[in-house]
Number of protein chains: 2
Amino acid sequence: MGSASNVAVTSLRKLISDGYWKPGEKLREVQVAEILGVSRTPIRLAFRTLEQEGLLEKTGKQGFVVREFSADDVLCGVEIRGVLEGLAARRLAERGLSARDQEALQQCLDDSETLFEKESLVEEDISRWADINSRFHAVIVNGSGSRTIADAIARNNHLPFASSDSIIIDAAHLQKEFRKLHLAHQQHQMVYQALVMGEGTRAEMLMREHAYIGLRYGRLFGLPDALQD
Amino acid sequence: MGSASNVAVTSLRKLISDGYWKPGEKLREVQVAEILGVSRTPIRLAFRTLEQEGLLEKTGKQGFVVREFSADDVLCGVEIRGVLEGLAARRLAERGLSARDQEALQQCLDDSETLFEKESLVEEDISRWADINSRFHAVIVNGSGSRTIADAIARNNHLPFASSDSIIIDAAHLQKEFRKLHLAHQQHQMVYQALVMGEGTRAEMLMREHAYIGLRYGRLFGLPDALQD
DNA sequence: TGCTGTTATTTTGGATCCAAAAATAGGTTT
DNA sequence: AAACCTATTTTTGGATCCAAAATAACAGCA
């Protein structure tokens, strides 16, 4: 188990994402300390980290409040991920894929291929897809070969709606979601093609476009309908 | 004057950028506390902030060390700014400039126009240009209308070589630098044209290209010669 | 000499304490 | 009823204290 301070960061991130406090609501150090069963010190450290991540912000007055996000912020978070992952993909294509990377990506495509052989999905397929998707993006991000780029993407991913992992699927309508996930898979295939052919500009463009598919699952964030489908 | 903790962040940022500690060198809390004349508490808070900004990193062992940057990291920092400011410019062009924004940009262009009417620059012109350049970029970043994008750019700018303000001019060769700054000015003009005409894609592309001009002054960061001119 | 296990010292992480700043409540005046 | 000033309570920021972890120093041994 990690230090109390690191635990505080992750626990707080979850509490905030789960809506324990309303947007704009102030967090009192003593209250948070009691909830997590630690003293104020690790909480104060955690507040600084969460502030940098963009989940908290200083008020004009005193203390920190949970950051309020608009539908446009959600769109921007996704677009930021698009341009950054696009940058990573372009670099990967231009430097050339290692055999290891190419295999890993191929494996992702094979895995999702078997997933989509059926006509529809069952609930547990969702987590299978989440895993495949996560691996695919990780290869590209790390494949940029730049820690600076990877860090920038990681920072942006702290916004709970911006990460490529944050695709939320409506389990009640698996039939409808099938088409959408299948499209995501096809986009992965196209990106893969561009990467192995060393077409950096095309890989970048495809990754930028691919980012928007996350928005299609953004109903929970109050996106206008026009952006949803 | 701000709180001791905020002072610690800015003071530490400067100390690190000035090379007080070598890259990879460990920072001891008590030592830093003595240097800045405060207790360990604000230092510990500052370390967290600086870690998020990317100037410090946790070692595998214990404590924080100053992050070491490669020439490629410098390139990536600049490219990241390019895609993010490009995103901001595209949004600004697509939503349309306010009269206020258009005036502010026009004023920047007018100011630099008078700067480049002469055949060469004197030393104080450099700070004049730095101010103009800073204002120009600020209008575009804020013009995106998205705090999320502005924050992402601000975070990236914490890398001391990535900010658009970090153009370093060799005062010993003002004659040679003249051409480079003049090119930057011409790029500003092109960006302005694209913005007022509402050509988002072109504005984005021009901003991305414009970012690279910072690299031309990157000698101090050990960039390979091929990237310099 | 080189290696390993043990002890001593340093350094960090968390809790507590205290003072200063800020928010709140209450009462007064207009 | 609204604005203003004051007093009380709350909350934060910084310093200090203590324990645990980690690093460094050291002795014993192959």
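All values reported here derive from a predicted model rather than from experimental measurement.

Asks: What exactly am I supposed to notice about the protein's contact with DNA strand D here?
Replies: DNA strand D sits among 17 residues. The nearest are Arg28(A), Ala4(B), Ser39(B), Thr41(B) and Lys61(B). When the atoms of DNA strand D within 4 Å of the protein are sorted by group, sugar and phosphate make up 60%. Contacts to DNA strand D include Ser39(B), whose side-chain N or O atom sits 2.4 Å from a phosphate oxygen. Listed by contribution, the elements that provide at least two residues to the surface near DNA strand D are β1 (26–27) and α3 (40–53) of chain A together with α1 (4–17) and α3 (40–53) of chain B.

Asks: Hey, could you run me through the packing of helix α8 (residues 174–196) of chain B against helix α9 (residues 200–211) of chain B in this one?
Replies: Relative orientation and spacing of two packed helices are given, respectively, by the angle between their axes and the distance between those axes. Residues and elements named next belong to chain B. Relative orientation of the contacting elements α8 and α9 amounts to 165°, with a least axis distance of 8 Å. Comparing the axis directions of α8 and α9 gives the class roughly antiparallel. Judged by the sense of rotation from one axis to the other, the crossing of α8 with α9 is left-handed. Touching Ala184, Gln187, His188, Met190, Val191, Ala194 and Leu195 of α8 are Arg202, Ala203, Leu206, Met207, Glu209 and His210, all from α9.

Asks: What should I look at first to understand the packing of aromatic side chains in this one?
Replies: Two measures describe an aromatic ring pair: the distance that separates the ring centres and the angle between the ring planes. For the structure on display, the rule yields ten aromatic pairs over all chains. Taken together, the ring pairs in this structure connect Phe116(A), Trp129(A) and Phe178(A) into an aromatic cluster.

Asks: Please explain helix α9 (residues 200–211) of chain A as it appears in this structure.
Replies: Within an α-helix, residues lying three or four positions from one another point in the same direction, as the helix has 3.6 residues per turn. Helix length check: α9(A) (twelve residues) gives 17 Å between terminal C-alpha atoms against 16 Å at 1.5 Å per residue, within 8%. Taken together, the buried positions of α9(A) are Gly200(A), Ala203(A), Glu204(A), Leu206(A), Met207(A), Arg208(A), His210(A) and Ala211(A). As for α9(A), its buried residues are in contact with α4 (71–95), α6 (123–143) and α8 (174–196) of chain A together with α4 (71–95) and α9 of chain B.

Asks: Teacher, can you tell me more about the interface of chain B and chain A here?
Replies: Often, the extent of an interface is quoted as the loss of accessible area upon association of its parts. Listed as interface residues are 36 residues of chain B and, on the opposing side, 35 residues of chain A. Of the roughly 3200 Å² buried where chain B meets chain A, counting both sides, 46% is carbon and sulfur surface. It is Arg48(B), Gln52(B) and Arg155(B) that lose the most area in chain B upon contact with chain A, and together they represent 21% of the buried surface on that side. Seen at the junction of chain B and chain A, the total is ten salt bridges. Between Arg90(B) and Glu79(A) there is a salt bridge, with its nearest N and O atoms 3.6 Å apart. Summed over the shared surface of chain B and chain A, the number is twelve residue pairs in polar contact (both at pLDDT 80 or more). Broken down by secondary-structure element, the contributors of at least two residues to the side of chain B that touches chain A are α1, α3, β2 (56–58), α4, α7 (147–157) and α9 of chain B.

Asks: Could you clarify how one ought to interpret the sheet that holds strand β1 (residues 26–27) of chain B in this entry?
Replies: The strands making up a sheet associate through backbone hydrogen bonding, with each pair oriented either parallel or antiparallel. All names here are of chain B. What the three strands build is an open sheet, ordered β1-β3-β2; its pairing is antiparallel. The outermost strands of the open sheet, each flanked by one partner alone, are β1 and β2. Alignment of β2 against strand β3 (residues 64–66), held across three bridges, turns out to be antiparallel. Each residue of the ladder has a partner; that of Lys58, found in β3, is Phe64.

Asks: Any chance you could explain the packing of α4(A) against α6(A) here in plain terms?
Replies: Residues and elements named next belong to chain A. For the pair α4 and α6, the least separation of the axes is 7 Å and the interaxial angle reads 70°. Here α4 lies roughly perpendicular to α6, going by the angle between them. Crossing geometry of α4 relative to α6 is assigned as left-handed. Contact residues: Arg81, Glu85, Ala88, Ala89, Leu92 and Arg95 in α4; His137, Val139, Ile140, Val141 and Gly143 in α6. When grouped by side-chain class, the residues that make up the contact of α4 with α6 number six nonpolar, two polar and three charged.

Asks: What is the right way to look at the domain arrangement of chain A in this model?
Replies: Along its sequence, chain A is organised into domain 1 (4–66) and domain 2 (71–227). Put simply, the middle of domain 1 of chain A and the middle of domain 2 of chain A, counted by C-alpha atoms, are 30 Å apart.

Conventions we followed
- Residues numbered from 1 in each chain as written.
- Chains lettered and ligands numbered in written order.
- Predicted model: local features only at pLDDT ≥ 70, side-chain atom pairs only at ≥ 80, totals over all residues.
- Heavy atoms only, no water.
- Near = heavy atom within 4 Å.
- Polar contact = N/O pair within 3.5 Å; in protein donor to acceptor, adjacent residues only side chain to side chain.
- Helix = DSSP H or I, 4+ residues; strand = E, 2+ residues; numbered from the N terminus.
- Axes fitted to C-alpha atoms, helices over the stretch in contact; angles between N-to-C directions.
- Parallel < 35°, antiparallel > 145°, perpendicular 65-115°, else oblique.
- Left-handed = near helix turned anticlockwise from the far one by under 90°.
- Contact = heavy atoms within 4.5 Å.
- Phe/Tyr/Trp six-rings, centres within 6.5 Å; stacked < 30°, edge-to-face > 60°.
- Expected span 1.5 Å × (residues − 1).
- Buried < 20%, exposed > 50% of the residue type's maximum accessible area, 1.4 Å probe, protein only.
- Buried area = accessible area lost by both parts, 1.4 Å probe.
- Salt bridge = Lys/Arg side-chain N within 4 Å of Asp/Glu carboxyl O.
- Pairing = 2+ DSSP bridges.
- Nonpolar A, V, L, I, M, F, W, Y, C, P; charged D, E, K, R; others polar.
- Domains from an automatic or database assignment.

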